[in-house]
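# Observations on chain architecture
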Amino acid sequence: MKRKETIWTAGILLVLLVLCVVLDASLPSYHIAVKVVEKASVYALVAVSMNLLNGFTGLFSLGQAGFMLLGAYAYGVLTIPVDKRPSVYQYFDGGAIQFSLPEAFSGFLGEGAGTVAGMLAALLVGGLLAALFAFLIGLPVLRLKSDYLAIATLGFAEILKAFFQWNALGPITNGSNLLKSYPVFSHPTAYVVLAGILIAFIVLLINSTYGRAFMAIRDDEVAAEAMGINLARHKRMAFIISSFFAGVGGGMLAMYMGTIAAAPFKSAMTYEILLIVVIGGIGSITGSVLASFLYILSSEWLLRGLDSGSFLGINAPGLFKNGFRMAVFSVIIMIVVLFFRKGIMGDKELPDLFRRQSRRERPEKGGAGNG
């Protein structure tokens, strides 16, 4: 039965990948469907990273936007071509950094492969930078619990946002000005594949001995410590790993947006990610991914007409005006939360759906044989 569940799961994932490739080949890069897939893939990765910490380890952290900010700026700063830095850093004499990772890799890998390798390397550096900051702030912050930990990590994200807008760091961050002119992926398949590979690493981690230790800490810290689990070390590890993937997600978000500024990385972005985790199901990887696509699809596409005067063929500019979309979206979220108390998936994963179906079929087969 386990092999059957694996085959079904792999088949569904393969079909989704084929659909993404078809979407990539048939629609231009500026189409709204393409943008929805790209942004949803990024949010899925960040939501899963947050679920690793909040859902599987039981640490209530709200610093995701800050770690995404680190990853986004690391990607932008390290990938802007050297000849375009004077126009980007026009108020800071071309900036302090005068090299570009894609150009450096292109020197010995060729232009195409070198550019891609440099972009992936910049994403990795962004994740490592976020992990480094997570390690530093985790030393004092992880001594806190519950709401106090959430407040401390939220304060870190807000301080970091203000720090990156400080003109004293302008030669690196460009102050409150935009970072732009860096290379981006313009195909949704690239976002889906990259996010899928990273989420697969998180799934492997959760199913490892470290993942079981994280869940033991979530369920009962006293019992986990009695079993020999080092609480401080495992909490710090979960915090660092979650921040690493959030940093990579921030770099991918920078690629999606095409420009970087510190202002969008505010607490509201963290609340969006938290909302996705709760709607999908705290402790469910599948739920976080599914909720990410549903959330972005609804907010960025399906309900857009509520802000533009026409929706579902109904022209009512007096009712369907700017801001009405978020009011309707809030009502939908309330309905989902009321009817799905544990989220869409609860704590279940995609293979569990096939396992449940298999259990339902067993008594029927047995009964038929007895008859």
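As a starting point, this report considers the structure included with it. (Residues numbered from 1 in each chain as written. Predicted model: local features only at pLDDT ≥ 70, side-chain atom pairs only at ≥ 80, totals over all residues. Heavy atoms only, no water.)

### Remarks on the overall build of the protein
To keep it simple, the criterion reads: In this text, helices come from DSSP runs of H or I with a minimum length of four residues, and strands from runs of E with a minimum of two, each type numbered from the N-terminal end. Computation of the radius of gyration draws on C-alpha atoms alone. For the globule rule, the value is 2.2 Å times the number of residues to the power 0.38. Classification of residues uses two cut-offs on accessible area relative to the type maximum, computed with a 1.4 Å probe and protein chains only: under 20% is buried, over 50% is exposed, and between them is partly exposed. In this analysis, two residues are considered to be in contact whenever any of their non-hydrogen atoms come within 4.5 Å of each other.
Counting secondary structure elements, the protein contains 16 helices and 2 strands. Scaling as 2.2 N^0.38, a compact globule of 371 residues should have a C-alpha radius of gyration of about 21 Å, and the protein matches this with 22 Å. Its C-alpha atoms give the protein principal-axis dimensions of about 85 × 60 × 50 Å. Counting across all 371 residues of the protein, residues that qualify as buried make up 47%. Taking all contacts inside the protein whose residues are at least 6 apart in sequence as the whole, residues at least 24 apart take part in 73%.

### A closer look at the layout of surface pockets
Here is the rule: Definitions used throughout: a 1 Å grid over protein atoms alone; a cavity as a set of points that fits a 1.4 Å probe which cannot get out; a pocket as an open set with protein on both sides within 12 Å along at least five of seven lines; a lining residue as one with an atom within 4 Å of a point. Grid points are joined across faces, edges and corners, and a volume is the space filled by probe spheres set on the points. When residues are grouped by polarity, Ala, Val, Leu, Ile, Met, Phe, Trp, Tyr, Cys and Pro land in nonpolar, Asp, Glu, Lys and Arg in charged, and all others, Gly among them, in polar.
One number sums up the size of the largest pocket: a volume of about 1600 Å³. The wall of the largest pocket is formed by 43 residues, among which Leu 13, Ile 199, Thr 286, Val 289 and Leu 350 lie closest to the centre. Mapped onto the lining of the largest pocket, the elements with two or more residues apiece are α1 (2–26), α2 (32–54), α9 (188–206), α10 (209–219), α14 (285–302) and α16 (350–370). In terms of residue count, the dominant contributor to the lining of the largest pocket is α1 (11 residues). For the lining of the largest pocket, the per-class residue count stands at 28 nonpolar, 7 polar and 8 charged. As a volume, the second largest pocket reaches approximately 210 Å³. Surrounding the second largest pocket, 14 residues form its lining, Tyr 73, Leu 129, Phe 164, Ile 172 and Thr 173 being those nearest its centre. Mapped by element, the contributors of at least two residues to the lining of the second largest pocket are α3 (64–79), α6 (111–141), α7 (146–164) and α8 (170–173). It is α3 that provides the largest number of residues to the lining of the second largest pocket, a total of 5 residues. Of the residues contributing to the lining of the second largest pocket, the split by class is 13 nonpolar, 1 polar and no charged.

### A closer look at the nonpolar core
What counts here: Here, the term nonpolar core denotes a set of buried Ala, Val, Leu, Ile, Met, Phe, Trp, Tyr and Cys residues that are joined through side-chain atoms within 4.5 Å.
The biggest cluster of nonpolar side chains holds 91 residues, and the ones touching the most others in it are Phe 67 and Met 252. For this core, the element with the most residues is helix α12 (residues 231–257), which contributes 13 residues. Setting aside chain neighbours within four positions, we find Phe 67 in contact with Ala 130, Phe 133, Ala 134, Ile 137, Phe 156, Phe 239, Ser 243, Ala 246 and Gly 247. Counting 6 residues, the second largest nonpolar core, distinct from the first, contains Ala 216, Ile 217, Ala 224 and Ile 229.

### Description of the packing of α6 against α12
We apply this condition: Axes, fitted as lines to C-alpha atoms, cover a helix only where it is in contact. Angles between the N-to-C directions of the axes lie from 0 to 180 degrees. Reported orientations rely on four angle classes, namely roughly parallel under 35 degrees, roughly antiparallel over 145, roughly perpendicular from 65 to 115, and oblique for the rest. Put simply, a crossing is left-handed when the front helix is turned counterclockwise from the back one by less than a right angle, and right-handed when it is turned clockwise.
Where α6 meets α12, the axes come as close as 7 Å, and the angle between the chain directions of the two elements is 140°. Of the possible angle classes, the one that applies to α6 and α12 is oblique. With respect to the hand of their crossing, α6 and α12 are arranged in right-handed fashion. Per-class residue counts for the contact of α6 with α12 are 16 nonpolar, 6 polar and 1 charged.

### Structural notes on the packing of α3 against α12
Where α3 meets α12, the closest approach of the two axes is 6 Å, and the angle between their N-to-C directions is 55°. Comparing the axis directions of α3 and α12 gives the class oblique. For the crossing formed where α3 meets α12, the hand is right-handed. Residue-level contacts link Gln 64, Phe 67, Met 68, Gly 71, Ala 72 and Tyr 75 of α3 to Phe 239, Ser 242, Ser 243, Ala 246, Gly 247, Gly 250, Gly 251, Leu 253, Ala 254 and Met 255 of α12. By residue class, the composition of the contact of α3 with α12 is 9 nonpolar, 7 polar and no charged.

### Structural notes on the environment of Val 336
Residue position: Val 336 is located in helix α15 (residues 324–339). A relative accessible area of 22% places Val 336 in the partly exposed class.

### A few points about the packing of aromatic side chains
Heads up, the rule is: Aromatic rings from Phe, Tyr and Trp, with only the six-membered ring used for Trp, were paired whenever their centres fell within 6.5 Å, and each pair was classed as stacked if the ring planes differed by under 30 degrees, edge-to-face if by over 60, and tilted otherwise.
Scanning all chains against the criterion turns up 8 aromatic pairs. These aromatic residues form a ring-pair network of at least three members: Phe 67, Phe 156 and Phe 239.

### Here's the deal with α15
Rule in force here: Given a helix with a known number of residues, its expected span is that number minus one, times 1.5 Å. The arc under discussion is defined with respect to the helix axis, by the directions toward the C-beta atoms.
The end-to-end C-alpha distance of α15 is 23 Å, a good match for the 22 Å that 16 residues give at a rise of 1.5 Å each. The set of residues buried in α15 consists of Arg 325, Phe 329 and Ile 333. Viewed along the axis of α15, the buried residues span an arc of 70°, placing them on a single side of the element. Along α15, exposed side chains directed more than 90 degrees from the buried face belong to Met 334, Leu 338 and Phe 339. Considering only its buried residues, α15 is in contact with α13 (267–280) and α14.

### Side note on α9
Given 3.6 residues per helical turn, the α-helix brings residues three or four places apart onto the same face. Here α9 spans 27 Å end to end across 19 residues, near enough to the 27 Å set by a 1.5 Å rise per residue. Turning to α9, its buried residues number three or more, namely Pro 188, Thr 189, Tyr 191, Leu 194, Ala 195, Leu 198, Ile 199, Ile 202, Leu 205 and Ile 206.

### Observations concerning the environment of Phe 185
The residue Phe 185 is located in the loop between α8 and α9 in this model. A relative accessible area of 17% means that Phe 185 is categorised as buried. A sequence separation of 156 residues divides Phe 185 from Ser 29, and the C-alpha atoms of the two residues are 9.9 Å apart.

### As for unusual backbone geometry
Backbone geometry at Asp 93 places phi at a positive 55°, although glycine is not the residue there. Residue placement: Asp 93 occurs in the loop between α4 (85–88) and α5 (101–109). Judged by its relative accessible area of 76%, Asp 93 is exposed. One non-glycine residue with positive phi stands out, namely Asn 174, at about 70°. As for its position among the elements, Asn 174 is in the loop between α8 and α9. Exposure remark for Asn 174: the relative accessible area of 0% places this residue in the buried category.

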